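# Observations on the three-dimensional arrangement
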Amino acid sequence: MAFLNGQVTLIASDITNPDFAAVFKEEHRVYEKYQMHVHHDPPGKCTERQFQRFLVDSPLIRCKSKAPVALGSYHQQYRIDGRLVGVGVIDVLPNYVSSVYFFYDPEYEFLSLGVYSALREIALTRQMSKQCTEAWFYCMGYYIHTCQKMKYKGQYHPSYLLCPETYQWVPIKDCIPKLEVAKYSRLSSSDSDVLVETEEELSNVLVLARGTAMPYKEYEYRYGPKQRHLVQEYLLLAGSKVAKKMLLCL
């Protein structure tokens, strides 16, 4: 009886990193096979340059945090008996592990590697929570109920979808009946409109207007409240900590 020897390796997605550069071509070969077999892409759309631009180059800058893994972009490689069979591309963000993409060797399709990679990424998220003594979340990206390639994300529980109107997280089990009726739906059952928690948070949002950076309180004093709803939406999406560090261009 033969036993498979599995190995999982997390490596920073950086082409200038010698460790990553050493496996770049190996990853690309698996990516090329996957794209052509699963998505029926022609060879011209699976070049090394396209692969690098799509899944290697990242705007994120690696930096240390309280987490055991530095913030930034990573490739989680899955090997069986030394052979690369799958790669999960993830971003490690403050309090989030974000799943970007997964590709695998079609010869190992019978192993349901996509499910396994999701479970491994969930395990990584739980590890972050335990070692940081604060909540971490696993983000699987967009959910399209009518797309079979996206619909699988609803199989993991507990899961939540972001309401496109109130920006509140809603259990997916409460969203499915609405999405069965219409492709677009207000997912939150709350009758309230989009609200900001406090006026102080809104006032402290940094904005850039006519070449000048200022808190939104000053912007509204100068130019009026015509952009107030836009700034409220931005604050809800970005959070008060980020909104006080980044500039919203108005």
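Heads up: these notes are all about the structure in this document. The model shown is predicted, which means the values in this text are computed figures rather than measured ones. (Residues numbered from 1 in each chain as written. Predicted model: local features only at pLDDT ≥ 70, side-chain atom pairs only at ≥ 80, totals over all residues. Heavy atoms only, no water.)

### Let's talk about unusual backbone geometry
- In this model, His-157 is joined to Pro-158 through a cis peptide bond whose omega is -5°.
- For Pro-158, the location among the structural elements is in the loop between helix H5 (148-151) and strand S6 (160-162).
- Phi is positive for His-40, close to 55°, though the residue is something other than glycine.
- Relative to the elements of secondary structure, His-40 occurs in the loop between helix H2 (24-38) and helix H3 (48-56).
- Note on His-40: relative accessible area 64%, which makes it exposed. (Helix = DSSP H or I, 4+ residues; strand = E, 2+ residues; numbered from the N terminus. Buried < 20%, exposed > 50% of the residue type's maximum accessible area, 1.4 Å probe, protein only.)

### Side note on the pattern of salt bridges
- Throughout the structure, instances matching the rule amount to 10 salt bridges.
- With its nearest N and O atoms 3.2 Å apart, the salt bridge here joins Glu-107 to Lys-33. Here Glu-107, found in the loop between strand S4 (96-104) and helix H4 (113-132), pairs with Lys-33, found in helix H2; they are 74 residues apart in sequence, far enough to count as distant.
- Residue Lys-173 is joined to Asp-174 by a salt bridge in which the shortest nitrogen-to-oxygen separation is 3.4 Å.
- Take Lys-173: its relative accessible area is 60%, and that puts it in the exposed class.
- The structure contains a network of salt bridges with shared partners spanning Lys-33, Arg-83, Asp-105 and Glu-107. (Salt bridge = Lys/Arg side-chain N within 4 Å of Asp/Glu carboxyl O.)

### As for the nonpolar core
- In this structure, Tyr-31, Phe-51, Leu-55, Tyr-101 and Phe-103 are the most contacted members of the largest nonpolar core, which totals 23 residues.
- Mapped onto this core, the elements with two or more residues apiece are H2, H3, strand S2 (72-80), strand S3 (83-93) and S4.
- Those residues within four positions of Leu-55 in sequence are excluded, and the remaining contacts are Ser-13, Tyr-31, His-75, Val-89, Tyr-101 and Phe-103.
- With 17 residues, the next largest nonpolar core counts Ala-12, Ile-90, Met-128 and Cys-132 among its residues. (Core = buried A, V, L, I, M, F, W, Y, C linked by side-chain atoms within 4.5 Å. Contact = heavy atoms within 4.5 Å.)

### Let's talk about the sheet that holds S4
- On the basis of which strands lie adjacent, the open sheet formed by 5 strands has the order S1-S2-S3-S4-S5 and mixed pairing. Each edge of the sheet is formed by a strand with only one pairing partner; in this case those strands are strand S1 (6-12) and strand S5 (137-139). In this sheet, neighbouring strand axes are inclined to one another by 25° on average, regardless of whether the strands run parallel or antiparallel.
- Set on the sheet, H2 makes contact with S2, S3 and S4; between it and S4 the angle comes to about 75°.
- Its contacts with the sheet put H4 on S1, S2, S3, S4 and S5, and the angle it makes with S4 is roughly 160°. (Pairing = 2+ DSSP bridges. Axes fitted to C-alpha atoms, helices over the stretch in contact; angles between N-to-C directions.)

### Observations regarding the sheet that holds strand S10 (residues 248-249)
- An order of S9-S8-S10 is seen for the 3 strands of this open sheet, with the pairing classed as mixed. Each edge of the open sheet carries a strand with a single partner, namely strand S9 (212-215) and S10.
- The sheet contact formed by strand S8 (residues 206-209) and S10 spans 2 bridges and is parallel. Residue pairing for S10: Val-207 is matched across the bridge by Leu-248.

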